[in-house]
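# Secondary and tertiary structure notes
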Amino acid sequence: MKLSGSEILIRTLIEQNVDVVFGYPGGQVINIYDTLYEHQNEIKHILTAHEQGAAHAADGYARVTGKVGVVIATSGPGATNLVTGIATAYLDSVPMVAITGNVSCSLIGRDSFQEVDITGITMPITKHNFFVNRVSKLADTVREAFRLAMSDRPGPVLIDIPKDIQTALWDYEPQDAIVPDEKYAAHDDGLAEAVRLINEAEKPYIYCGGGVISGDASEEVKALAEKTDSVIGCSFMGVSAIPTAHERFLGMQGMHGHYASSMAQHHADLIIAVGARFSDRATGNKAKYAPNAKIIHIDIDNAEIDKNIPVTCGLCGDVKLTLGELIAQVEKKQHPAWQKEVAGYREEEKRHEVKRESMNPQNVIACINRCKDADTVIATDVGQHQMWAAQYCDFAKPRKFVSSGGLGTMGFGLGAAIGAQIGSGKKAILVTGDGSFGMCLNELATAVSYHIPVVIVILNNGVLGMVRQWQTLFFNQHYSNTVLDRKTDFVKLAEAFGAKGYRCTEMADFSEKLQAALAGNEPVLIECLIDKDEMVLPMLPPGGSMDDIIVERPGD
Amino acid sequence: MEKYIIAVLVKNHFGVLNRVASMFRRRGFNIDTLTVGETEDPEYSRITVAFTGDDKIKTQICSQLNKMPDVVHIKELEKGDSVIRELVLIKINNNKAFKQDIMSVVDIFRAKIIDYGTSALTIEITGESSKIDAFIDLVKEFGIIEICRTGIVALQRGTGSILSDIK
């Protein structure tokens, strides 16, 4: 039977078990939207306020479910509005398929109305992209896009479909959903060397990256740590891979990492990096990074090995399968001296804990921890609030922390929280700041329209806190363009969008409002007023190493 | 810093050259020369990239290329084990006073005069880059009007081929 290109597209999405897409209609996708109308019982379309919000929502959906998030936008500005969202997904290895319309093939290259070369624009921020110039290739292109998005190291793929391809007719044969490429463990030679290094180590430290989450390897990391008596830390992207309460888990390491985790990494004699990429934020000054450590690096992406840090032993393979091999082959060890040393770092960390009664970031997050359950998703924007959330939020399961790590996208949070809530079917809490929230708050309209139970907690300090912190510490308190001093009334703003809004200045009040919000089924905004000079600590100064760690606010 | 040559077998799609070149650009790898053309199998094109770097850079370039869905195979062409050529067209001033000198240089380097006019002549020369560089150096004194270099093409010696590697 001959079907139109847009019908083939939607049927192929259904074939891939897609049941929700995020997007925004427009002239060059009007045919696709007409087909979505026909198939509304099979695919739910979530209309956002802006294409960027749709891209972040598809990203949030993918992060919590592990499935491919799908976003649709029209040509021109619709497509370019996806760019930040696609780049965010690319830097954090999130599986996503972005579908854009374009002008008809005969109009391509003539600067037609709303024409943009989106495959050219997104080339460096996608795993791959496609311009579909023949309807006969459409279904297989969509299937290939899903295969690429899911296989090996996940990532975003874009498909650009000109309007005449959407209306052209072709045969369609349904197929089974694409399965990702087969996974494989690292090569035996490398494994043997890794086993030897692990058996010889006295002070092993496992460094979890986001690959532990996307590779579903949390249990294997715990088992390897148990057998080798290792301690565990994580990069920002690895947050939620290991339960916060796990006895071997020291928390996030790096620029704003936990003191104990960063110190243990610095003093380890063996670092086993799993699905991580030694980002500058995770390592600090690379020349001074873990000076006495040998490094085993396990990653599905061979290009990551030796890219940022030269390693002793690189293992290219699926992290879950490779860890399984290592667990089977390494000797069981005890390292009491190492554990004692690490216990000392933990003690030292405790001494720097902030213990103030007031409404401050630590107390707000502690209250969130008390009110949420193990399934609640925590999403964030980018800045100080994001680091506080990464440092202090408790997680019991992977895929419960949704945040832009690699790209550091302010404005990511609300769209992502909406997508994460839809994907997980559980409550979502967005921890954000007044700066970040100001970037994409238009998605409040989406949350209200679709009755999304997302609780938005704004840590309002009236400044762009992270930049201010740098200005305080390294730029002679020159607060250049970081004092917002805006007159925005977030309570009225929430109400104007049709949501409930509260302003809290006392912890008891916040606790009450948060519990009530989590008990309901509608979006609620809670603004928490905090001091403008709160800092994210500890901090490794840019380019610094563990010797330069700042643990206290100057003057405290 | 060493000079390296890699042959990259890619799917013969539009935009592939752009993807490959763009990867070099965005990751800060310098390309010395790049040539591209269809292979004996029209499904594939062959891109020959020459670059300067070290082993670490070469490994990273190959790993990054390997990840690209359009890249089918990569082969390093080592100097001792490959034939390497570059073709250059050089237009120089034709001056009676130099005529004999020009002829001798062309002869010694086994180059060819492919266009001859009273005021200018065009020489074609093929060879390894070092030979080409030496030739250009020698003809400088005659007054070079313009040069067009193809960039390096290379094949491994022996019976092997890049396509046979994947079949």
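Preceding this section is the structure that the text describes.
Scope of this entry: the structure provided in the associated data block. (Residues numbered from 1 in each chain as written. Chains lettered and ligands numbered in written order. Predicted model: local features only at pLDDT ≥ 70, side-chain atom pairs only at ≥ 80, totals over all residues. Heavy atoms only, no water.)

Attention shifts here to the overall build of chain B. Across its full length, chain B carries 5 helices and 8 strands. N-terminal to C-terminal, the α/β element order of chain B is β-α-β-β-α-β-β-α-β-β-α-β-α. Each principal axis of the C-alpha atoms in chain B carries an extent, and together these give about 55 × 30 × 30 Å. Accessible surface, chain B: about 9,200 Å² in total, of which carbon and sulfur atoms supply 51%. Of the side-chain charges in chain B, 23 are positive and 23 negative, and the distance between the mean point of each set is 3 Å. (Helix = DSSP H or I, 4+ residues; strand = E, 2+ residues; numbered from the N terminus. Areas by Shrake-Rupley, 256 points an atom, 1.4 Å probe, with all protein chains shown as cover. Lys, Arg positive; Asp, Glu negative; His and termini not counted. Charge placed at Lys NZ, Arg CZ, Asp CG, Glu CD.)

This part covers the packing of helix α3 (residues 51-65) of chain A against helix α5 (residues 83-91) of chain A. Residues and elements named next belong to chain A. Where α3 contacts α5, the two axes come as close as 7 Å, and the packing angle between them is 25°. In terms of axis orientation, α3 runs roughly parallel to α5. On α5, the residues touching Gln52, Ala55, His56, Asp59 and Arg63 of α3 are Thr84, Gly85, Thr88 and Ala89. Looking at the contact of α3 with α5, its residues break down into 2 nonpolar, 5 polar and 2 charged. (Axes fitted to C-alpha atoms, helices over the stretch in contact; angles between N-to-C directions. Parallel < 35°, antiparallel > 145°, perpendicular 65-115°, else oblique. Contact = heavy atoms within 4.5 Å. Nonpolar A, V, L, I, M, F, W, Y, C, P; charged D, E, K, R; others polar.)

Residue and element names in this part refer to chain A. Judged by which residues are buried, strand β2 (residues 20-23) turns out to be covered on both faces: Val20 and Phe22 on one side and Val21 and Gly23 on the other are all buried. Relative to strand β3 (residues 44-47), β2 is paired through 4 bridges, and the arrangement is parallel. Following the sheet pairing, valine 20 is matched in β3 by lysine 44. Taking the sense of rotation as the criterion, the β-α-β connection linking β2, helix α2 (residues 30-38) and β3 turns out right-handed. (Buried < 20%, exposed > 50% of the residue type's maximum accessible area, 1.4 Å probe, protein only. Pairing = 2+ DSSP bridges. Right-handed = clockwise from strand over helix to strand, strands pointing away.)

Let us now look at the sheet that holds strand β18 (residues 454-460) of chain A. All names here are of chain A. Read across the open sheet, the 6 strands follow the order β16-β15-β17-β18-β20-β19; overall the sheet is parallel. Of all strands in the sheet, those bounded by a partner on one side alone are β16 (401-402) and β19 (500-504). Contacts between helix α22 (residues 490-497) and the sheet are confined to β18, β19 and β20 (524-529), with β19 contributing the most and set at about 170° to the helix.

All right, on to the interface of chain A and chain B then. Facing the 16 residues of chain A at the interface are 14 residues of chain B. Of the roughly 1,200 Å² buried at the junction of chain A and chain B (both faces included), carbon and sulfur atoms supply 51%. Inspection of the region where chain A meets chain B yields 1 salt bridge. A salt bridge links lysine 67 of chain B to aspartate 301 of chain A, with the nearest nitrogen and oxygen atoms 2.6 Å apart. (Buried area = accessible area lost by both parts, 1.4 Å probe. Salt bridge = Lys/Arg side-chain N within 4 Å of Asp/Glu carboxyl O.)

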